[in-house]
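Inside the fold
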Amino acid sequence: MYICLDLGGTHLRGAWLDEQGRHGRVLVLSRKKTLEGTKEVLSELIIKLKKSCPGQVKKIGLATAGPFDRQKKVYLSPTNMPELSGFKVGSFIQEQFALDLILENDAQAAALGEVWQGGLKGENQAIVLTLGTGVGSGVIFDGRIWRAAHDTGPELGHIYLGEGPIERCGCGQFGCAETWLNKKALLDLFARHDLVLNDPKEIWPYIRNEHTGAIKALQEYGHRLGLFLTQLMVIFNIKAIGISGGISSLGSYFLSETWTMLKLRLQKRPWLWPEKIVASVAPQMSALWGMARLIALAMRAD
Ligand SMILES: [Zn+2]
């Protein structure tokens, strides 16, 4: 049995899982944006999950935004969580619970989770994008996370997608795909249609009422995603595309536009079209599944 956690800017999510992907209820706690607050919430959630776990916990997996040193299990200087700079999270977990920690980038964990138990189950090669506060990416080759030179994998969200009247990216540049496709970009699209919202989830009542502006904003979002995927297809030509993260649950309202754009841009290159673009069946589980899979693979290798 493993305890798998997903630490984001505002929340810590976790569940117990086993090597077959069975899992308990997903618990969510909010995180104070301090180092002490983060330590407290980690301890609290691990204690709760250990109590509810039906077997002995062998390892803990943590999916989180980086950058961090994966081997040393230390945060470097996370862009969106500066308070965690230098945090030796591996030592902290070892001291508190006498358990080993496996650390992984949250989007890469989500990619592995999606091909293991999620919407792309059984796929051997895939690209998974996590669409939320940021735009994360994970690439799977031969069923494993592709880490590339610095162990961090590709950072597809920083591919240039054209300048627009939008904000600077977290990386310091303008025009990154992330700034066209993150939560703020989608909220800006809604606002253009006089829908001033705090979270994309608030759009659901408007969708149910077939609000024209809501539908148009989501189509525009799908158009942008199609442009982005065109860039990825000419590089990778990978056939299975997954989307996860909070925005992916709106996929059925924007993916048809994504396909239209892809097929238009690649009309003379149909061999570059993906075979499927699948929204996660359980975006809250993607990274947790991925961590359980990573732990199982690591334990098999030991
Ligand atoms: Zn960027």
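Residues numbered from 1 in each chain as written. Predicted model: local features only at pLDDT ≥ 70, side-chain atom pairs only at ≥ 80, totals over all residues.

**Remarks on the pairing of strand β2 (residues 11–17)**
Burial within β2 is extensive, with five of its seven residues counted as buried. Relative to β2, strand β1 (residues 2–7) is paired through six bridges, and the arrangement is antiparallel. Looking at β2, one finds that C4 is bridged to A15. Hairpin connection, β1 to β2: the antiparallel pair is bridged by three residues. Sheet topology places β2 next to strand β3 (residues 27–30); four bridges connect them, and they run antiparallel. By the bridge assignment for β3, L12 is matched with L29. (Buried ≥ 20, exposed ≤ 12 C-beta atoms within 10 Å, placed from the backbone. Helix = DSSP H or I, 4+ residues; strand = E, 2+ residues; numbered from the N terminus. Pairing = 2+ DSSP bridges.)

**Some points on the pairing of strand β8 (residues 126–131)**
Within β8, six of the six residues are buried, leaving the element largely enclosed by the surrounding structure. By the alternation rule, side chains of β8 split into A126, V128 and T130 and I127, L129 and L131, which are all buried. Examined bridge by bridge, β8 and strand β9 (residues 135–141) share six bridges and lie antiparallel to one another. When the sheet's bridge partners are listed, T130 is paired in β9 with G136. Linkage of β8 to β9, two consecutive antiparallel strands, is achieved through a turn of three residues.

**Re the domain arrangement of the protein**
Segmenting the protein into domains produces domain 1 (2–106 + 284–301) and domain 2 (119–279). With nine residues of domain 1 at the interface, the matching set in domain 2 holds eight residues. Split into classes, the residues belonging to the side of domain 1 that touches domain 2 amount to one nonpolar, six polar and two charged. (Domains from an automatic or database assignment. Contact = placed C-beta atoms within 7 Å. Nonpolar A, V, L, I, M, F, W, Y, C, P; charged D, E, K, R; others polar.)

**Side note on the sheet that holds strand β11 (residues 240–244)**
Taking strand neighbours across the sheet as the criterion, the five strands line up as β10-β9-β8-β11-β12 in an open arrangement whose pairing is mixed. Looking at the sheet topology across the chains shown, the edges are occupied by β10 (144–145) and β12 (276–279).

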